[in-house]
Amino acid sequence: MKIAKEFDTPDWSPDKAQTEMEQSITSLGKDGFVGVYSANDGMAGAIIAAMKGAGIEPSTRPVTGGDSEAAAIQRILIGEQYSTIYLAIKQQAETSAQLAVAAAQGKDAPAGLADAKVDNGAKQVPSVLLSPIAVTKDNISDTVIKDGFLTTAEICTGPYKAACKEAGIE
């Protein structure tokens with residue numbers, strides 16, 4: 001696939017992302033793209049709004065996001081958003097706490113924890129790289145709900161109740 005457009009959206013602003021998507025649809029045409037990768041769910045929601053505004057059915061193009069926001073999970077359930085990214089909250093919290101305690105004590109990260117390196121342009125920085133999980137309609141229960149990141153009460157509200165039931169989330 002060819003990347004048709006690429007943006008570094010300032011402040012990850014949904015308003016700016018919607019404008020960028022509207023401009024992209026105008027320049028590429030309604031059939032000039034096959035999907036959209038978005039860095040977070042707020043922007044993904046705005047991208048979907050731009051698609052709808054242009055008469056494009058969101059379920060016809062995969063749109064991804066990140067952060068596993070409740071609104072994104074709801075959009076996934078009704079077929080407007082394909083996926084979101086989730087980092088297991090317990091693992092993220094425990095890792096962050098270990099790093100914070102070591103830093104507060106003036107020590108290096110615990111052995112084996114920061115075992116990756118990321119090049120920041122100046123040097124190789126010791127890093128912890130957690131494995132992201134792509135959340136789709138098929139694994140909502142086994143990820144964000146199972147971990148307690150979101151509850152069914154937060155997700156399965158009003159117009160999303162039927163979609164939750166259809167996906168086996170009750």
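Definitions and limits used
Residues numbered from 1 in each chain as written. Predicted model: local features only at pLDDT ≥ 70, side-chain atom pairs only at ≥ 80, totals over all residues. Heavy atoms only, no water. Pairing = 2+ DSSP bridges. Helix = DSSP H or I, 4+ residues; strand = E, 2+ residues; numbered from the N terminus. Disulfide = S-S within 2.5 Å. Buried < 20%, exposed > 50% of the residue type's maximum accessible area, 1.4 Å probe, protein only.

A.B. asks: For this particular structure, what's the right way to read the pairing of strand 5 (residues 124-127)?
C.D. replies: Within a regular beta strand, the side chains point alternately toward one face of the sheet and then the other, so they alternate between its two faces. Where strand 4 (residues 116-119) lies against strand 5, 4 bridges are found, and the strand directions are antiparallel. Note that in strand 5 the partner of D119 across the bridge is Q124. Taking the residues between adjacent antiparallel strands as the criterion, strand 4 and strand 5 are bridged by 4 residues, where G121 takes a positive phi near 95°.

A.B. asks: Would you take a moment to explain the state of the cysteines for this structure?
C.D. replies: Such a bond, covalent and formed between the sulfur atoms of two cysteines, is termed a disulfide. This model, assessed by the stated rule, comprises 1 disulfide. With a sulfur-sulfur separation of 2.1 Å, C156 is cross-linked through a disulfide to C164. When the S-S torsion is -95°, as for the bridge of C156 with C164, the disulfide is left-handed. Classification of C164 by relative accessible area gives buried; the value is 1%.

A.B. asks: So what exactly am I meant to see when it comes to unusual backbone geometry here?
C.D. replies: Across the chain, the bulk of peptide bonds are trans and the bulk of non-glycine residues have phi less than zero. In this model, D11 sits at a positive phi of 60°, which is unusual for a non-glycine residue. Within the fold, D11 resides in the segment before helix 1 (14-28). Of note, D67 is a non-glycine position whose phi angle comes to about 105°, a positive value. Mapping D67 onto the fold places it in the loop between strand 2 (63-64) and helix 3 (70-77).

Spatial relationships are all this shows, so hold off on functional conclusions.
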